[in-house]
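Inside the fold
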Amino acid sequence: MNKVYCCYPGGRHKALTMSYDDGRTQDRRLVEIFNRYGIRGTFHLNSGFLGDERHIRPDEVSTLYAGHEVACHTVTHPTIARCPLPEVAQEVLEDRKALEALTGYPVRGMSYPNGSMSDDIEALLPACGIRYSRVVGSTDGFALPEDPLRWMATCHHSHNLMALGQQFRELFKRQYLYLMYVWGHSYEFDNGDGWRLIEDFCRAMGGQEDIWYCTNIELMDCLDDFKRLQFAADNTFVYNPSARECWIQVNDEKPIPVPAGRTLSL
């Protein structure tokens, strides 16, 4: 029987994604650094704060974050584990609606404000259209999330960033899918050598042929697309019912794409 492995787009086995909260004005400088080095990520916004003196304006959301992902962070950033569930649902849904009106696409991701969450909130989020949500903390590892609604990043940018980046670049075993996920707040770079740190990191990590640079939701969609692939019982062919191509590796040979809506002999 054929041995089949899932791959990231282009047949890659490593992915890098970034995740930044609150929509502060420092996002402008951070996005410029990301774009310069081909780094991509997700920006979690509180729609209720847009336009005040510390946050970006609503009219710049679609252009500033073009090529990245805009995701939820609730309307007003409450500590939601202390709130009634109907209030939590409104905070999430109203944030989604406001951000979707600015971006023009479905907003399906989230990070928990103040890191606050509970089992009941996690159970609520899929009904609010949320596919994933990030918690606080660091794994110091490069594994895929087991529970996307309790998604913990590899590290905050203040925690061993350059050392973990070097470890990630040196990974070579193609039988695994690796993910490096960095999170934080852009205003934190105003302290000390923060801006130099993030630019050094992006310079070192950008332009690597074996890394897929993606947003949080693109990572989720890639993994979901692979789960939808329909393989023959003997793994001699596969049908891709999705609207996006998927990439697989068969018997340690060169990775190949499975075209959208097509059947491919293996």
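Before reading further, recall that the structure is shown in the block above.
Figured I'd write up the structure that's included with this text. (Residues numbered from 1 in each chain as written. Predicted model: local features only at pLDDT ≥ 70, side-chain atom pairs only at ≥ 80, totals over all residues. Heavy atoms only, no water.)

**Some thoughts on the pattern of salt bridges**
In plain terms, the rule: Here, a salt bridge means any side-chain nitrogen of Lys or Arg that lies within 4 Å of a carboxyl oxygen of Asp or Glu. A run of H or I in DSSP counts as a helix once it spans at least four residues, and a run of E counts as a strand once it spans at least two, with each numbered from the N terminus. For each residue, the accessible area found with a 1.4 Å probe, counting protein chains only, is set against the maximum for its type, and the residue is called buried under 20%, exposed over 50%, and partly exposed in between.
Going through the model one piece at a time under the given rule, you end up with 20 salt bridges. Asp252 is the salt-bridge partner of Lys3, the closest N and O atoms lying 3.3 Å from each other. Separated by 249 residues along the polypeptide, Lys3 in the segment before strand E1 (4-7) and Asp252 in the loop between strand E13 (246-250) and strand E14 (256-258) bring together distant segments of the chain. Relative accessible area serves as the criterion here: at 34%, Lys3 is assigned to the partly exposed category. Asp252 gets classed as exposed once you look at its relative accessible area, which sits at 53%. With its nearest N and O atoms 2.8 Å apart, the salt bridge here joins Asp221 to Arg108. Of this pair, Asp221 sits in helix H7 (residues 216-228) while Arg108 is found in the loop between helix H3 (85-103) and strand E5 (109-111), placing the two residues 113 residues apart along the sequence. Looking at Asp221, the relative accessible area reads 11%, which means it is buried. Overlapping salt bridges, with partners in common, bring together Glu32, Arg36, Glu199, Asp200 and Arg203 in one network.

**Some words on the sheet that holds E14**
Convention followed: Should DSSP find at least two bridges between two strands, the strands are regarded as paired. Throughout, an axis means a line fitted to C-alpha atoms (over the contacting stretch in the case of helices), and angles, computed between N-to-C directions, take values from 0 to 180 degrees.
Spatially, the three strands line up as an open sheet ordered E1-E13-E14, and their pairing is antiparallel. Edge strands, defined here as strands with exactly one partner in the open sheet, are E1 and E14. Between one strand axis and the next, the sheet turns through 40 degrees on average, direction left out of account. Judged from the four bridges that link them, E1 and E13 form a sheet pairing that is antiparallel. By the bridge assignment for E13, Cys6 is matched with Ile248.

**What about the sheet that holds strand E12 (residues 237-239)?**
The strands making up a sheet associate through backbone hydrogen bonding, with each pair oriented either parallel or antiparallel. Here three strands make up an open sheet; going across it, the order is E11-E12-E15 and the pairing antiparallel. Strands with a single pairing partner mark the edges of an open sheet, and in this sheet they are strand E11 (230-231) and strand E15 (263-265).

**A short note on the packing of helix H1 (residues 27-37) against helix H6 (residues 194-205)**
Spelled out, the test is: Any angle that is under 35 degrees is reported as roughly parallel, and any over 145 degrees as roughly antiparallel; angles of 65 to 115 degrees are reported as roughly perpendicular and all others as oblique. By the definition used in this description, the sense in which the near helix is turned from the far one sets the handedness, with an anticlockwise turn below a right angle giving left-handed and a clockwise turn giving right-handed. Between two residues, a contact is recorded if the distance between any of their heavy atoms is within 4.5 Å. Note that Gly is not counted as nonpolar here; it falls among the polar residues with everything else outside the nonpolar set of Ala, Val, Leu, Ile, Met, Phe, Trp, Tyr, Cys and Pro and the charged set of Asp, Glu, Lys and Arg.
Two elements in contact, H1 and H6, have axes whose closest approach is 9 Å; the angle formed by their N-to-C orientations is 20 degrees. The orientation of H1 relative to H6 falls into the category roughly parallel. Crossing hand, H1 versus H6: right-handed. Across from Arg29, Leu30, Ile33, Phe34, Arg36 and Tyr37 in H1, the residues of H6 making contact are Trp195, Ile198, Glu199, Cys202 and Arg203. Broken down by class, the residue content of the contact of H1 with H6 amounts to seven nonpolar, no polar and four charged.

**Digging into the environment of Val75**
Note on placement: Val75 falls in the loop between strand E4 (69-72) and H3. Between the C-alpha atoms of Val75 and Phe49, which are 26 residues apart in sequence, the distance is 7.5 Å. Leaving out residues up to four positions away in the same chain, Val75 has contacts with Asn46, Ser47, Gly48, Phe49, Glu91, Glu94 and Asp95.

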